[in-house]
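Here is how the chains run, residue by residue.
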Amino acid sequence: MHTPKPMVPAAGVPFLTHQLARARAAGVEHIVLATSYLAEVFEPYFGDGSALGLRLEYVTEEEPLGTGGAIRNVAGRLHSGPDDPILIFNGDILTGLDIRALVHTHESTGADVSLHLTKVTDPRAYGLVPTDESGRVTAFLEKPQTPEEIVTDQINAGAYVFRRSVIDTIPVGRPVSVERETFPGLLAAGAHLQGMVDSTYWLDLGTPAAFVRGSADLVLGRAPSPAVPGRCGDRLILPTASVATDAKLTGGTVVGEGAFVGEGARISGSTLLSGAVVEPGAVITDSLIGARSRIGERSVLTGAVIGDGAVVGADNELRDGVRVWCDARIPAGAVRFSSDQ
């Protein structure tokens, strides 16, 4: 409600920080952020990007323009020549992609657009991208529903290299989807679209559960990032947090700035944002605990999202999928799933 997804802390810093840091490590120097929802949050935090060794610019969409419209909307801020490569990243993908290898593939094949592809075991929720033996894209198939439609396990992984001149062919001033309009249109017109399969770590942070898992994987070292503020391990405790000596933190748990974890609490694979309080004896698993929220004594949370400033009283039991709104209050002993035995 208060924070756009790229700015929610993952492994102690806003998720976008990991993307920016990985781009910088690959040699990128200038980045334009195409923002829309809560756009005013980004610039006060990142400024001109100099702290990350980058030159950052910001373009805000008054009305959401879709994936293709957003790319076209920032074209005026790009300083490259017509044949130069432009990297484009979806803002909610956590990946170990070899960015330099994607650019090399693009340049060595002479492609108009190159796409990072990854393989998934169940591709039904994604757009399929079959390629020929040389890696050239042959079709774009949106979210197959029948076994006959699943002709490949390769999906669009949300990172692209565009030839600069191709961006200018996207219609201006209206919503455009690269997946449904731009890419199929380029293919039909005979353009060269190249796929590069990179099966390193990849996670779409499209749900709160996936976001929490991504944060934990960053802490555990499964997902690579130069921006994690500490050593990889079972837990990440930010400097001003306070954790009782007998509390048990495992599974890539993050305890944010000024947060507090009481005696005997057990927290696994979860993220506590700044100022959150976990009272003694609480048990929290795979959950996102919002800033300044409070979890009461002996409460048990699994797969929960607790909004900023919310209070969950003592002896509650909240299970998978529950979302407690910002500033809501749940009295002690008010919600249970198991019996009272």
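On a predicted model such as this, the values are computed, not experimentally measured, just so you know.

Here is what the cut-offs are and how they apply
Residues numbered from 1 in each chain as written. Predicted model: local features only at pLDDT ≥ 70, side-chain atom pairs only at ≥ 80, totals over all residues. Heavy atoms only, no water. Helix = DSSP H or I, 4+ residues; strand = E, 2+ residues; numbered from the N terminus. Contact = heavy atoms within 4.5 Å. Polar contact = N/O pair within 3.5 Å; in protein donor to acceptor, adjacent residues only side chain to side chain. UniProt positions renumbered as here; feature names shortened; annotations may be inferred. Buried < 20%, exposed > 50% of the residue type's maximum accessible area, 1.4 Å probe, protein only. Pairing = 2+ DSSP bridges. Axes fitted to C-alpha atoms, helices over the stretch in contact; angles between N-to-C directions. Expected span 1.5 Å × (residues − 1).

1. Examining the environment of H30
No. 1: Residue placement: H30 occurs in strand 3 (residues 30-35).
No. 2: C-alpha of H30 to C-alpha of R55: the two residues are 25 residues apart in sequence and 4.7 Å apart in space.
No. 3: H30 has contacts with R55, E57, R77 and H79, leaving out every residue within four places of it along the chain.
No. 4: In this structure the side chain of H30 is engaged in a polar contact, spanning 2.7 Å, whose partner is the side chain of E57.

2. Focus on the UniProt feature "domain: Nucleotidyl transferase" (unreviewed entry) in the protein chain
No. 1: According to UniProt, the feature "domain: Nucleotidyl transferase" (unreviewed entry) maps to residues 3-217 in the numbering used here.
No. 2: Helix makes up 28% of residues 3-217 and strand 23%. Its end C-alpha atoms lie 21 Å apart.

3. A closer look at the pairing of strand 3
No. 1: With five of its six residues buried, strand 3 lies for the most part within the structure.
No. 2: Sheet topology places strand 3 next to strand 4 (residues 55-60); six bridges connect them, and they run parallel. When the sheet's bridge partners are listed, T35 is paired in strand 4 with T60.

4. Re the sheet that holds strand 11 (residues 235-237)
No. 1: Here six strands make up an open sheet; going across it, the order is 11-14-17-20-23-26 and the pairing parallel. Bordering the open sheet on either side are strand 11 and strand 26 (323-324), each of which pairs with just one other strand.
No. 2: Bridge count between strand 14 (residues 253-255) and strand 17 (residues 271-272): two bridges; the pairing is parallel. Among the inter-strand pairings, V254 is bridged to a residue of strand 17, identified as T271.

5. Focus: the sheet that holds strand 7 (residues 113-119)
No. 1: A sheet is described by the order of its strands in space; here four strands give the open sequence 5-8-7-9, paired in mixed fashion. Taken across any chain shown, the strands that pair with only one partner, and hence form the sheet edges, are strand 5 (85-89) and strand 9 (193-197). With direction set aside, neighbouring strand axes in the sheet form an average angle of 30°.

6. Details of helix 7 (residues 208-220)
No. 1: Helix length check: helix 7, at 13 residues, gives a terminal C-alpha distance of 18 Å against a target of 18 Å (1.5 Å per residue), a fit within 8%.
No. 2: Backbone geometry just after helix 7 places G221 at a positive phi near 90°.

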